[in-house]
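Per-entry structural report
Residue-level listing of the chains:
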Amino acid sequence: KQEVTQIPAALSVPEGENLVLNCSFTDSAIYNLQWFRQDPGKGLTSLLLIQSSQREQTSGRLNASLDKSSGRSTLYIAASQPGDSATYLCAAPSYNTDKLIFGTGTRLQVFP
Amino acid sequence: DVKVTQSSRYLVKRTGEKVFLECVQDMDHENMFWYRQDPGLGLRLIYFSYDVKMKEKGDIPEGYSVSREKKERFSLILESASTNQTSMYLCASSASGTGGYTFGSGTRLTVV
């Protein structure tokens, strides 16, 4: 059964720092992995979708990598800003299905 | 811009009422999902549907049912609302086999 773990659970940093958020998953036979952002009281916004054939994906200041062999993904945020404050969730498919299993998230606060 | 639309942002219902939560997507996606999200418990899958009139139970289906009569619409039904169903409800859709979930903005349901 797929399990997804995220560390750290919470992170508070000053503006301008480069950040790394970690995600690990137990079933490496995945066809993709997705990172989301959630603002308080809101739905989830997709940030990056990495297919299993890719090693990484980039969008602006965000870069996500995928290492299936080690069961790990990282989300790198460059030059963090207060507007990046949110909860970040990663999700991987349950074995041989389209159902996503979610980590419990990393709550990020970037202060000026 | 692709969209998943949930009919209500906030709902307040009384114990014992029948409650309908509606979700509509405009991406012609085969898969649709209902999750609930509670503090400390993360996102938990209630039901999902991989085709019209098809449905499967998720991890916490008790007290809920679903309906998918048209491809674009997936309804979550609380047959007799209870206070322990107070939660944030999130709908998502995805194309079959590619992952790539798109979420709605969520419905905050309070049962009193």
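In this report, the structure presented in the accompanying data block is examined. Note that the structure is a prediction, hence the values are computed from the model and not measured.

Thoughts on the overall build of chain A
- Helix and strand content of chain A: zero helices and eleven strands.
- Along chain A, helices (α) and strands (β) appear in the sequence β-β-β-β-β-β-β-β-β-β-β when read from the amino end.
- Taking 112 residues into account, the globule formula puts the C-alpha radius of gyration at 13 Å, and chain A, at 13 Å, falls close to it.
- A buried classification covers 45% of the 112 residues belonging to chain A.
- Taking the intrachain contacts of chain A between residues at least 6 apart in sequence as the baseline, contacts between residues at least 24 apart amount to 54%.

Notes on the state of the cysteines
Residues and elements named next belong to chain A.
- One pass over the structure, following the stated rule, counts two disulfides over all chains.
- Sulfur-sulfur distance for the disulfide between cysteine 23 and cysteine 90 comes to 1.9 Å. Here the disulfide of cysteine 23 and cysteine 90 is right-handed, its torsion about the S-S bond being about 70 degrees. Linking cysteine 23 in strand β3 (residues 19-25) with cysteine 90 in strand β9 (residues 86-93), this pair joins segments that are 67 residues apart in sequence.

Describing the interface of chain B and chain A
- The partner chain A presents 17 residues to the 19 residues of chain B that form the contact.
- Summing the contributions of chain B and of chain A, the shared interface buries around 1400 Å²; its carbon and sulfur component is 56%.
- Its largest share of buried area at the contact with chain A, chain B owes to B:Leu43, B:Tyr101 and B:Phe103, together 32% of the area lost on that side.
- At the junction of chain B and chain A, the tally comes to zero salt bridges.
- Where chain B packs against chain A, one counts eight residue pairs in polar contact (both at pLDDT 80 or more).
- Elements with a contribution of two residues or more to the side of chain B that touches chain A: β4 (31-38), β5 (42-51), β9 (87-95) and β10 (99-103) of chain B.

Focus on the sheet that holds strand β1 (residues 4-6) of chain B
All names here are of chain B.
- With antiparallel pairing, the four strands of this open sheet are ordered in space as β1-β3-β8-β7. Of all strands in the sheet, those with a lone pairing partner are β1 and β7 (64-70), marking the two edges. Between one strand axis and the next, the sheet turns by 20 degrees as a mean value, whatever way the strands run.
- Here β7 runs beside strand β8 (residues 73-78); their pairing, made up of five bridges, is antiparallel. For lysine 70, the partnering residue across the bridge sits in β8 and is arginine 73.

Some thoughts on the environment of B:Ile77
Residue and element names in this part refer to chain B.
- Assignment of secondary structure puts isoleucine 77 in strand β8.
- Judged by relative accessible area, isoleucine 77 falls into the buried class, the value being 10%.
- Counting along the chain gives 13 residues from isoleucine 77 to tyrosine 64, while the straight-line C-alpha distance between them is 5.7 Å.
- What isoleucine 77 contacts, discounting residues up to four positions off in sequence, is Lys18, Val19, Phe20, Gly63, Tyr64, Ser65, Val66 and Ser67.

A few points about the nonpolar core
All names here are of chain A.
- Ranked by size, the top nonpolar core spans 23 residues in total, and within it Leu33, Trp35, Leu75, Ile77 and Tyr88 carry the most contacts.
- Among the secondary structure elements, those contributing two or more residues to this core are β3, β4 (32-38), β5 (44-51), β7 (62-67), β8 (72-77), β9 and β11 (106-111).
- Leaving out residues up to four positions away in the same chain, leucine 75 has contacts with Leu19, Val20, Leu21, Trp35, Leu47, Leu48, Leu62, Asn63, Ala64 and Tyr88.

As for the pattern of salt bridges
Residue and element names in this part refer to chain B.
- Here the structure, examined in full by the defined rule, presents eight salt bridges over all chains.
- Among the ionic pairs, aspartate 28 bridges to lysine 71, the shortest N-O distance being 3.1 Å. Residue aspartate 28 is located in the loop between β3 (19-25) and β4, and its partner lysine 71 is located in the loop between β7 and β8; the two are separated by 43 residues in the primary sequence.
- Its salt-bridge partner being arginine 44, residue aspartate 38 comes within 2.8 Å of it at the nearest N-O pair.
- One salt-bridge network, held together by shared partners, links Arg36, Asp38 and Arg44.

Rules of the game
Residues numbered from 1 in each chain as written. Chains lettered and ligands numbered in written order. Predicted model: local features only at pLDDT ≥ 70, side-chain atom pairs only at ≥ 80, totals over all residues. Heavy atoms only, no water. Helix = DSSP H or I, 4+ residues; strand = E, 2+ residues; numbered from the N terminus. Rg over C-alpha atoms; globule rule 2.2 N^0.38 Å. Buried < 20%, exposed > 50% of the residue type's maximum accessible area, 1.4 Å probe, protein only. Contact = heavy atoms within 4.5 Å. Disulfide = S-S within 2.5 Å. Buried area = accessible area lost by both parts, 1.4 Å probe. Salt bridge = Lys/Arg side-chain N within 4 Å of Asp/Glu carboxyl O. Polar contact = N/O pair within 3.5 Å; in protein donor to acceptor, adjacent residues only side chain to side chain. Pairing = 2+ DSSP bridges. Axes fitted to C-alpha atoms, helices over the stretch in contact; angles between N-to-C directions. Core = buried A, V, L, I, M, F, W, Y, C linked by side-chain atoms within 4.5 Å.

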